[in-house]
Amino acid sequence: MIRFNALKELRFQCSSTTFIVVLALYFGFVLNIPLTTKFIELASEKSSGLFAYSSPLLLSAAFVIIFSCFNIPYFRKPFFIFLVLTSAMASYATLKYGVLFDSTMMENIFETNSHEAISYLNASSILYIIAFGIIPSLMIAKVQFKKERSLVVRSAYKLLVVIVSLLVITTIYSTSYKNYIYIGRNNSYLKKMITPAHIFNTAKYINRTYFTPPLKYKLIGEDAQSINAVNGKPSLIFVVIGEAARSMNIGYNGYARNTNPYTSQLGIISINDVSSCGTSTAHSLPCMFSNMGRNHYNKERADSQDNALDIIQRAGTTVSWFENDGGDKGVAKHVKKSTSFSSKYPESCPDGVCHDEVMLDAFKHQTILDGKTNQLVVFHLIGSHGPTYWKRYPKNREIFKPACRRSDIENCSDIEIRNVYDNTLVYTDYVLSELIKTLEAQSKHYNVALTYIADHGESLGEKGLYLHGTPYSIAPKYQTKVPWFFWMDSQFEHAYSINRHCLTELAKSGSYSQDNLFHTLLDLAEIQTSAKVAGKSLISTCRH
């Protein structure tokens, strides 16, 4: 009790100016270690790399000036406690996984569900946050500010510290300006590594999402019409959106392991070279269903105009969406959605997160197949979502062993990470095979087809990067190259005059991207509209 009371009464006395300086040094020398370490590494490639060791001091001086703007009584303590806590989390993610907290990443974070967020908690992350976030925050809470000096003297000290900081910045830049500019221009992503850049980008996200008036809604493909099949049957098409599946680990695309054992005899056509629109679901998913393409994609515009699903539905096709990942990101806002399967299928949803095959059961129980109306069904898989890869498949589907069964995957061996990730791909292949069996069972009543494409890839420790979300300009191919499959029976090919041999040859030799998905989906669903550009559709290219 005595020790508890002593701890409770513990106080750190200092001036507000000293408080700001100590905080600035803590951010410059500790919480920005991922940035300064990378900067020093890049500078070492130059003959005169010693200048880079001044980067923590340069950051600290800049933070003194910035933090001084928030040195306001009654505001500073809660503000800096929040800043330190969130910065410790950001620092850990950058240090361990190479995550950069730009505006796209903040969008991804805000649109992440609770189960996904919890999956990142582990002993390593908790200890880091305690050591570098919670303990410093408790110390901030215990600070008692001295006020024995007059307001004029305190103001003079604050001004003096700011002037000294400006001198430090000026001195470092005057002696190493060219070196800093050289490193900065050739590695522009470094500014995204600054902690707490996440605060600035959070403010941008909140302003854009909640305080910026939406754009006027734009209708696209108002002339959309469905084309009847020559055999008179309606179509039943499954569109499967994968999660974090990378092309180079796909057996069809030359990977040494057979990660496609369940569909290998089913006639899958795999497009070998496909680039994603982004490196996160929040960016790629709405982009790939829009008509804008990666180079012209704008989230606000995408949210305020029709996408491929809207156009297909307008033409009379029944469109439905089954969701098992982190949400549809606004893509399915105008179509029928099915989510939250855990209560109905608890045996397939350990810890409240469902295995992907649960969506097939839901489809069979919820969808009326009368053989009269064209139907397009989207399944959004949780697929290979990390870092808890082992939770993405049932234990009896574990093929490659030993598999990493912990969320701090950086502490697993390379082979364990590779094994657990490949197991997720094998399980996805199993789900695809079951979906194809379901389609085959309906071939008496429908012309049936399936296409599968992942939203983005995944890093598994190459060059110190894990997971995904790296800015596209510097993202490795592991995060930007994705698998894209087609399956259709001979009846579908004949009904819509599709040349399988042509499509197979395109798959082997062509280079494509998610920019092609919008037009290909319209073509696969047999929609005639001026919104479709035939040259961008893989199907149009291969008509008889």
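About the thresholds
- Residues numbered from 1 in each chain as written.
- Predicted model: local features only at pLDDT ≥ 70, side-chain atom pairs only at ≥ 80, totals over all residues.
- Heavy atoms only, no water.
- Core = buried A, V, L, I, M, F, W, Y, C linked by side-chain atoms within 4.5 Å.
- Buried < 20%, exposed > 50% of the residue type's maximum accessible area, 1.4 Å probe, protein only.
- Helix = DSSP H or I, 4+ residues; strand = E, 2+ residues; numbered from the N terminus.
- Contact = heavy atoms within 4.5 Å.
- Phe/Tyr/Trp six-rings, centres within 6.5 Å; stacked < 30°, edge-to-face > 60°.
- Expected span 1.5 Å × (residues − 1).
- Bend = angle between axes of the 7 residues up to and from the residue.
- Pairing = 2+ DSSP bridges.
- Axes fitted to C-alpha atoms, helices over the stretch in contact; angles between N-to-C directions.
- Salt bridge = Lys/Arg side-chain N within 4 Å of Asp/Glu carboxyl O.
- Parallel < 35°, antiparallel > 145°, perpendicular 65-115°, else oblique.
- Nonpolar A, V, L, I, M, F, W, Y, C, P; charged D, E, K, R; others polar.
- Disulfide = S-S within 2.5 Å.

Caption draft 1: Region of the structure containing the nonpolar core. By size, the foremost hydrophobic cluster in this structure holds 105 residues, and its most contacted members are Phe289, Phe379 and Leu450. Ranked by residues supplied to this core, first place goes to helix H15 (residues 414–441) with 11 residues. Those residues within four positions of leucine 450 in sequence are excluded, and the remaining contacts are Phe238, Val240, Leu432, Leu435, Ile436, Leu439, Phe485, Phe486 and Trp487. In this structure, Phe19, Phe27, Leu42 and Ile183 belong to the second largest nonpolar core, which totals 34 residues.

Caption draft 2: Geometry of the packing of aromatic side chains. Counted according to the given criterion, the structure contains 33 aromatic pairs. Aromatic side chains phenylalanine 27 and phenylalanine 67 sit 5.2 Å apart centroid to centroid with 75° between the ring planes, which places their arrangement in the edge-to-face category. With phenylalanine 27 in helix H2 (residues 16–31) and phenylalanine 67 in helix H4 (residues 55–68), this residue pair connects regions lying 40 residues apart in the sequence. Comparing phenylalanine 27 with phenylalanine 67 shows no difference in burial state: the two are buried.

Caption draft 3: Spatial organisation of helix H9 (residues 151–186). Taking 1.5 Å of rise per residue, 36 residues should cover 52 Å, yet H9 covers just 46 Å from first to last C-alpha, more than 12% shy of that figure. The sharpest bend along H9 measures roughly 85° and falls at serine 176. When H9 is considered as a whole, its buried residues turn out to be Ser165, Ile172, Ser176, Asn179, Tyr180 and Ile183. Summarising the contacts, the buried residues of H9 are in contact with helix H3 (33–43) and H4.

Caption draft 4: A look at the side chain of serine 338. Within the element layout of this structure, serine 338 appears in strand E8 (residues 336–338). Setting aside anything within four residues of it in sequence, one finds serine 338 in contact with Trp321, Phe322, Glu323 and Gln366.

Caption draft 5: Just the sheet that holds strand E4 (residues 235–242), in detail. The mixed open sheet is built from seven strands, whose spatial order is E5-E13-E10-E4-E9-E7-E8. At either margin of the open sheet sits one strand with a lone partner, and together these are strand E5 (269–271) and E8. For this sheet, the mean inter-axis angle between neighbouring strands, taken without regard to orientation, is 15°. Across six bridges, E4 lies against strand E9 (residues 375–380) in parallel orientation. Its bridge partner being in E9, leucine 236 is matched across the sheet by glutamine 375. Most of the contacts of helix H11 (residues 281–289) go to E4, to which it runs at about 155°, and overall it touches E4, strand E7 (318–323), E9 and strand E10 (447–454).

Caption draft 6: Summary view of the pattern of salt bridges. In the structure shown here, the tally under the stated rule is 20 salt bridges. Across the pair arginine 500 and glutamate 493 runs a salt bridge, and its minimum N-O distance is 2.8 Å. The exposure class of glutamate 493 is buried, given its relative accessible area of 14%. Between lysine 532 and aspartate 523 there is a salt bridge, and its shortest N-O distance comes to 3.0 Å. Three or more residues are tied together by salt bridges with common partners; here these are Glu107, Arg208, Lys299, Glu300 and Asp303.

Caption draft 7: Representation of the packing of H2 against H3. Closest axis-to-axis distance for the H2/H3 pair is 6 Å, and the angle between their directions is 55°. Taken together, H2 and H3 sit at an angle that is classed as oblique. For the pair H2 and H3, the contacting residues are Gly28, Phe29, Val30 and Leu31 in the first and Ile33, Pro34 and Thr36 in the second. The residue makeup of the contact of H2 with H3, split by class, is five nonpolar, two polar and no charged.

Caption draft 8: Seen up close, the state of the cysteines. Tallied over the entire structure, the rule returns four disulfides. For cysteine 277, the disulfide goes to cysteine 287, at an S-S distance of 1.8 Å. Judged by the sign of its S-S torsion, about 65°, the bond between cysteine 277 and cysteine 287 is right-handed. Pair noted here: cysteine 277 is in the loop between strand E6 (273–275) and H11 and cysteine 287 is in helix H11, with a separation of 10 residues, a long-range link. The class of cysteine 277 is buried, set by a relative accessible area of 2%. Across a sulfur-sulfur distance of 2.0 Å, cysteine 349 and cysteine 354 are joined as a disulfide pair. Judged by the sign of its S-S torsion, about 95°, the cystine formed by cysteine 349 and cysteine 354 is right-handed. Take cysteine 349 and cysteine 354: they sit in the same class, and that class is buried. Disulfide connectivity for the chain, with bonded cysteines indexed by sequence position, reads 1-2, 3-4, 5-6, 7-8. In this model cysteine 14 remains outside any disulfide bridge; the closest cysteine sulfur is found in cysteine 69, 19 Å from its own.

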